[in-house]
Amino acid sequence: MTSIVRVGLIGCGNIGARAHAPAYAHIPSAQLVAVCDVNTTRAHAVARATGATPYFDYHEVLARDDIDAVDICLPTYLHAAVSVEALRQGKHVLCEKPMAVTLEEADAMITAAREANRVLMIGHVRRFDPRYTTVKHALVQGEIGHLVHVRRAERQHLPFPGDAWYWHPHAGGGIFLDIGVHVTDLFHWYFATEPETIFALGRQIRPEAQAARSFDHAVLLITFPDGRIAQAEISWAYPPHFGRSQYALLELIGTQGRLVYSDRDAAPMLVYDSNDGLDLPTYFRFMSALEEAFVAEIAHFIAVVRGEAELLITPEDARTALALAIAAETSAREQRPVSWQEVAP
Ligand SMILES: NC(=O)c1ccc[n+]([C@@H]2O[C@H](COP(=O)([O-])OP(=O)(O)OC[C@H]3O[C@@H](n4cnc5c(N)ncnc54)[C@H](O)[C@@H]3O)[C@@H](O)[C@H]2O)c1
């Protein structure tokens, strides 16, 4: 395909309106022609900002023959049904993370994409974020040798009220599916091998989590072959003054060195290697790079639709991230380690 890819955005909430919609202005090979939300005020606002036509029923977007692809920014529990419907209508699909709420739904999405011969990409934006691609590049270059241990934290105060879908275990999946899936994808990407065992502890700290009976704070541990370990703290339960951005840290230990960064401590990425000790400064970007990451993610999807690139993250990769997040949730609920074999495809 050499022509401009015409896109319909479905879901004009936080991420649809703030990150996806504005990104199209930076991608000359794509045009945002339709925007849709059941909340008419939101659809109109994004339509005004982008020049796209507003819709309030996504079926009308799917029915348009001149739309090549849809960008799905709906609540998580709608990802699978709308993706499958769109693929069957012949649309290419970019869908926000997490891929779905269950593995059955994820498998139905993969099957629908295969049968329709259309691109299905899940928006694991970390894979397009210069902060995390810099780290991946360092790993591939062997800067810290063979990776043996990763320590990660993603912490925030979830700003939404108790009746928001985010809190509901079957709608948003709680902390494990919503934030945990970012972490499990990062671990899968960095270790680049099949995991062995998943173990997690889940907590219900805030009243919203207790009322919804979902977890808002957790610790998880994933083991990989040869005894390699990844550990993470994920939380929505940090105090409100921590703001909306995530307080993240990442530390990787390899056979030849150590790589560490922390988002909000204003620390640049530091690479300690076994030759020079501390390698400073390494140019590094912080949370403000996120918008840029969404542009890179969507531009990559458009390039794949145009036949100019191969998917950097396959639907099977996204399924693995989801399977690990679901395994962590199961481990926390049942208070037992979960073997990868229980959730592997
Ligand atoms: N990649 C990231 O870093 C990141 C960040 C935030 C959210 N997300 C993901 O993006 C998705 C959306 O999150 P959000 O925070 O934007 O949620 P949101 O609730 O703010 O937005 C969802 C929008 O979908 C609309 N909607 C609901 N049902 C609809 C339907 N049937 N048809 C059309 N519109 C409908 C809602 O009115 C709402 O405006 C979630 O899956 C979330 O996990 C990803």
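Structure first, text after, so check above.
Before going into details, it helps to say that this report is about the structure given with it. As the structure is a computational prediction, the values presented were derived from the model and not from experiment.

**Thoughts on the site of the ligand**
Inspection of the region around the ligand gives 23 residues, with Gly11, Gly13, Asn14, Ile15 and Glu96 positioned closest. For the shell around the ligand, the element with the highest residue contribution is helix H1 (residues 14-23), accounting for three residues. Taken together, the residues of the shell around the ligand break down into eleven nonpolar, seven polar and five charged.

**Describing the pairing of strand S6 (residues 120-123)**
Of the two faces of S6, the one lined by Leu120 and Ile122 and the one lined by Met121 and Gly123 are each fully buried. Inspection of the sheet shows strand S5 (residues 92-96) paired to S6 by four bridges, in the parallel sense. The residue of S6 that forms the bridge with Leu94 is Met121. Note that the unit made of S5, helix H5 (residues 103-116) and S6 has a crossover that is right-handed.

**Points about unusual backbone geometry**
Note the cis peptide between Lys97 and Pro98, where omega equals -15°. With respect to the helices and strands, Pro98 occurs in the loop between S5 and H5. Within the chain, Ala192 stands out as a residue other than glycine whose phi angle is a positive 50°. Tracing the chain through its elements places Ala192 in the loop between helix H8 (180-191) and strand S8 (197-203). By the C-beta count within 10 Å, which is 12 here, Ala192 ends up exposed. The backbone of Arg213 shows a phi angle near 55°, a positive value even though the residue is not glycine. Mapped onto the fold, Arg213 is located in the loop between helix H9 (207-212) and strand S9 (217-224).

**Topic: the nonpolar core**
Val7, Ile10, Val35, Met109 and Leu322 are the most contacted members of the largest nonpolar core, which has 112 residues in total. For this core, the leading source of residues is helix H11 (residues 315-334), giving ten residues. In this structure, this core is formed jointly by two domains, domain 1 (5-123) and domain 2 (127-291 + 321-342), each of which donates at least three residues. Ignoring anything within four residues of it in the chain, the contact list for Val7 reads Tyr24, Ala30, Gln31, Leu32, Val33, Ile67, Ala69, Val70 and Asp71.

The rules behind the values
- Residues numbered from 1 in each chain as written.
- Predicted model: local features only at pLDDT ≥ 70, side-chain atom pairs only at ≥ 80, totals over all residues.
- Near = placed C-beta within 6 Å.
- Helix = DSSP H or I, 4+ residues; strand = E, 2+ residues; numbered from the N terminus.
- Nonpolar A, V, L, I, M, F, W, Y, C, P; charged D, E, K, R; others polar.
- Buried ≥ 20, exposed ≤ 12 C-beta atoms within 10 Å, placed from the backbone.
- Pairing = 2+ DSSP bridges.
- Right-handed = clockwise from strand over helix to strand, strands pointing away.
- Core = buried A, V, L, I, M, F, W, Y, C linked by C-beta atoms within 7 Å.
- Domains from an automatic or database assignment.
- Contact = placed C-beta atoms within 7 Å.

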